[in-house]
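Here are the chains, one letter per residue:
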Amino acid sequence: MKKIKSLVFLLILVVLFPLGVKANEKINVYLFRRNGCGFCESALEFFNSLSEDAEYKEYFNLVEKEVSTSKKNASAMESVAKDLNVNLEGVPFIVIGKENFEGYTSSWNDSIKAAIKKAYLNSDGSYQDVVKKYFNDLENEKDNGAAVTIIILLVAVAGIGFLIYMAREDSSATGEEEKELSIKEEKPIVEVKKTTQSKTTAAKSTSKAKTTQKKKTTTNKTKKTNSNAKKK
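Below you will find a few notes about this structure. (Residues numbered from 1 in each chain as written. Predicted model: local features only at pLDDT ≥ 70, side-chain atom pairs only at ≥ 80, totals over all residues. Heavy atoms only, no water.)

### With respect to the environment of Ala-115
Residue placement: Ala-115 occurs in helix H4 (residues 109-121). Look at Ala-115 and you get buried, because its relative accessible area is 3%. For Ala-115 and Lys-98, which are 17 residues apart along the polypeptide, the C-alpha to C-alpha distance reads 9.6 Å. If we ignore the near neighbours within four places in the chain, the residues touching Ala-115 are Ile-96, Glu-99 and Phe-101. (Helix = DSSP H or I, 4+ residues; strand = E, 2+ residues; numbered from the N terminus. Buried < 20%, exposed > 50% of the residue type's maximum accessible area, 1.4 Å probe, protein only. Contact = heavy atoms within 4.5 Å.)

So this is what it looks like as structure tokens:
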């Protein structure tokens, strides 16, 4: 029983510990761009290189929204600019939480990186994704994350049940082995008793035989003495 409890406790720790120490979720960095825009391409190249960086790739997801071929994206960009009190004049338009960069130049790289890290750490609780509400597909991503969590929990429960079953089987098998071992250990004791009894019986038989032989010898001697007496 102790073994079963230990296995269950261990599995719970394995499943829940990573959830308890889970790092901050990646933030969304939005890049509203237009096909054929050179500054947009430069900004995209920067973000692609940043997504391969050992540190920053853990911080953000790049969400590209092309506005020249999508009225929905163009309308969302205008709504976001209005929410942020930005007099938007063109693209690229970069949004990180409530911070934004209109246009792009490589001299902004450090500022963009600082904005990404600040939003990811969210130490002051100020980070707010102001763009996500305009795109249902991003909300679906959140729902998918919840579904994955449920699946993980179900797998954990199934794993606990399997461990309990295996522990019980192992306990049952151990009990049977101990029972068989106990029976095997008792057999020599019985054999020793039988041997002891046999030796005792043999000793008695030998003693009895010797006594009988002695009586016969005494009887023969008596008969011989009587016979000699008669001859005299």
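Here the narrative resumes.
### Observations regarding the packing of aromatic side chains
Two aromatic rings, taken as a pair, are described by how far apart their centres are and by the angle between their planes. Summed over all chains, the structure comprises seven aromatic pairs. Lying across the ring of Phe-135, Lys-65 places its NZ or CZ 4.0 Å from the centre. (Phe/Tyr/Trp six-rings, centres within 6.5 Å; stacked < 30°, edge-to-face > 60°. Lys NZ or Arg CZ within 6 Å of the ring centre and 35° of its normal.)

### Observations regarding the pattern of salt bridges
Between side chains of opposite charge, a pair can form as their charged atoms come close. For the structure on display, the rule yields three salt bridges. Its salt-bridge partner being Lys-133, residue Asp-83 comes within 3.7 Å of it at the nearest N-O pair. Separated by 50 residues along the polypeptide, Asp-83 in helix H3 (residues 71-83) and Lys-133 in the loop between H4 and helix H5 (136-231) bring together distant segments of the chain. According to the relative accessible area criterion, Lys-133 is exposed, its value standing at 57%. (Salt bridge = Lys/Arg side-chain N within 4 Å of Asp/Glu carboxyl O.)

### Describing the sheet that holds strand E3 (residues 93-96)
Across the sheet, four strands lie side by side as E2-E1-E3-E4; this open sheet has mixed pairing. Of all the strands in the sheet, just strand E2 (60-66) and strand E4 (99-102) have a single pairing partner and so form its edges. Across the sheet, the mean angle from the axis of one strand to that of its neighbour is 15 degrees, orientation sign disregarded. Taken together, the four bridges between E3 and E4 define a ladder with antiparallel strand orientation. Bridging across to E4, Phe-93 finds its partner in Glu-102. (Pairing = 2+ DSSP bridges. Axes fitted to C-alpha atoms, helices over the stretch in contact; angles between N-to-C directions.)

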